[in-house]
Amino acid sequence: MTANSNMRLEDRTAIQDVINAYTHAIDRRCWQMMGQLFHDDATFQFGPVAGDWHEFVEQARGVIEPCLATQHQLGQVMFGFESDTICHTETYMTAMHTVPADHEIPHIFPVTGKIYSAVIAGRYVDRFEKREGEWRIAQRTGLYDWREFREADGIDLSELPEGVCGYHGERDPSTPAITRFLP
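The rules behind these values
Residues numbered from 1 in each chain as written. Predicted model: local features only at pLDDT ≥ 70, side-chain atom pairs only at ≥ 80, totals over all residues. Heavy atoms only, no water. Helix = DSSP H or I, 4+ residues; strand = E, 2+ residues; numbered from the N terminus. Rg over C-alpha atoms; globule rule 2.2 N^0.38 Å. Buried < 20%, exposed > 50% of the residue type's maximum accessible area, 1.4 Å probe, protein only. Contact = heavy atoms within 4.5 Å. Areas by Shrake-Rupley, 256 points an atom, 1.4 Å probe, with all protein chains shown as cover. Lys, Arg positive; Asp, Glu negative; His and termini not counted. Charge placed at Lys NZ, Arg CZ, Asp CG, Glu CD. 1 Å grid on protein atoms, 1.4 Å probe; cavity = no way out; pocket = protein on both sides within 12 Å on 5 of 7 lines; lining within 4 Å. Points joined across faces, edges and corners; volume = space filled by probe spheres on them. Phe/Tyr/Trp six-rings, centres within 6.5 Å; stacked < 30°, edge-to-face > 60°. Salt bridge = Lys/Arg side-chain N within 4 Å of Asp/Glu carboxyl O.

Chemist: Mind showing me how you'd approach the overall build of the protein here?
Modeler: Scanning the protein from N- to C-terminus turns up 3 helices and 6 strands. If you list the helices and strands of the protein from N to C, you get α-β-β-α-β-β-β-β-α. Computed over the C-alpha atoms, the radius of gyration of the protein is 17 Å, within 12% of the 16 Å expected from 2.2 N^0.38 for a compact globule of 183 residues. In terms of overall dimensions, the protein has a C-alpha envelope of 55 × 35 × 30 Å along the principal axes. By residue count, 42% of the 183 residues in the protein fall in the buried class. In the protein, the share of contacts with a sequence separation of at least 24, taken over all contacts with a separation of at least 6, comes to 62%. With the model as given, the accessible surface of the protein reaches about 9,800 Å², and the carbon-plus-sulfur share is 51%. Side-chain charges in the protein split into 16 positive and 28 negative, and the spacing between the mean points of these groups amounts to 4 Å.

Chemist: Can you walk me through the layout of surface pockets in this structure?
Modeler: The probe, sized like a water molecule, is rolled over the atoms to show the empty space still left. Within this model, the second largest pocket holds a volume of roughly 160 Å³. Taken together, Ala14, Asp17, Val18, Gln36, Gly133, Glu134, Trp135, Arg180 and Phe181 make up the lining of the second largest pocket. The set of elements that each furnish at least two residues to the lining of the second largest pocket consists of helix 1 (3-27) and strand 6 (134-151). Element by element, the count of residues in the lining of the second largest pocket is highest for helix 1, at 3 residues.

Chemist: Can you help me understand the packing of aromatic side chains in this one?
Modeler: Each aromatic ring pair is summarised here by two numbers: the centre-to-centre distance and the angle between the ring planes. Counted according to the given criterion, the structure contains 11 aromatic pairs. Ring geometry for Tyr22 against Phe56: centres 6.1 Å apart, planes inclined by 25°, an arrangement best described as stacked. A residue pair is termed long-range when its members are at least 10 positions apart, and Tyr22 in helix 1 and Phe56 in helix 2 (residues 53-64) qualify at 34 residues. Here Tyr22 matches Phe56 in class, with each residue buried. Centre to centre, the rings of Tyr116 and Phe149 are 5.9 Å apart; their planes meet at 85°, and the pair counts as edge-to-face. Highlighted residues: Tyr116 in strand 5 (residues 116-131) and Phe149 in strand 6, separated in sequence by 33 residues. By relative accessible area, Tyr116 is classed as buried at 3%. With relative accessibility at 31%, the residue Phe149 sits in the partly exposed group.

Chemist: Any chance you could explain the pattern of salt bridges here in plain terms?
Modeler: Charged atoms that come close allow side chains of opposite charge to pair. Here the structure, examined in full by the defined rule, presents 14 salt bridges. Notably, a salt bridge pairs Arg61 with Glu65, separated by 3.9 Å at the nearest N-O pair. Judged by relative accessible area, Arg61 falls into the partly exposed class, the value being 33%. A salt bridge links Arg150 to Glu148; the nearest nitrogen and oxygen atoms lie 2.5 Å apart. According to the relative accessible area criterion, Arg150 is partly exposed, its value standing at 43%. A network of salt bridges, in which partner residues are shared, links Asp41, Arg127, Glu129 and Arg131.

Have a look at this one:
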């Protein structure tokens, strides 16, 4: 393996870590991590959620915080290096949301009056830039491929014993794995 291919492998790993950290930040509600994932001038567009990354975080909080649970699963990632400092990626994702009966953002989740599951499948199409030796997202475009809404039963985990469920924020047992992304 050449030195250049080793560097490219290191770059791919660094980019993949940012993509993975994003899903952790969303699902664990660790919004303070976003500043480590996006460049300061980054833009974001996914359906009606759009703007610079600061605006995105505020809009995403309004969508995600009321959900009883979320989980984002990532699939294949394609890397297209334009140069040593610019890389375009496409990441397949499936996002599951447990939506409460009173969630009031009908342009994203329909109002049904019942708890339901919203599954969104799509892709993150990103432009990564390496600045000052660090890869971060410079532009993210989210694309819907399909979505599904279905009534859900048995989703309340509040009766389970302490320590068997995931938690939001730094209380989650996974926190040591992501500390480098915390400010």
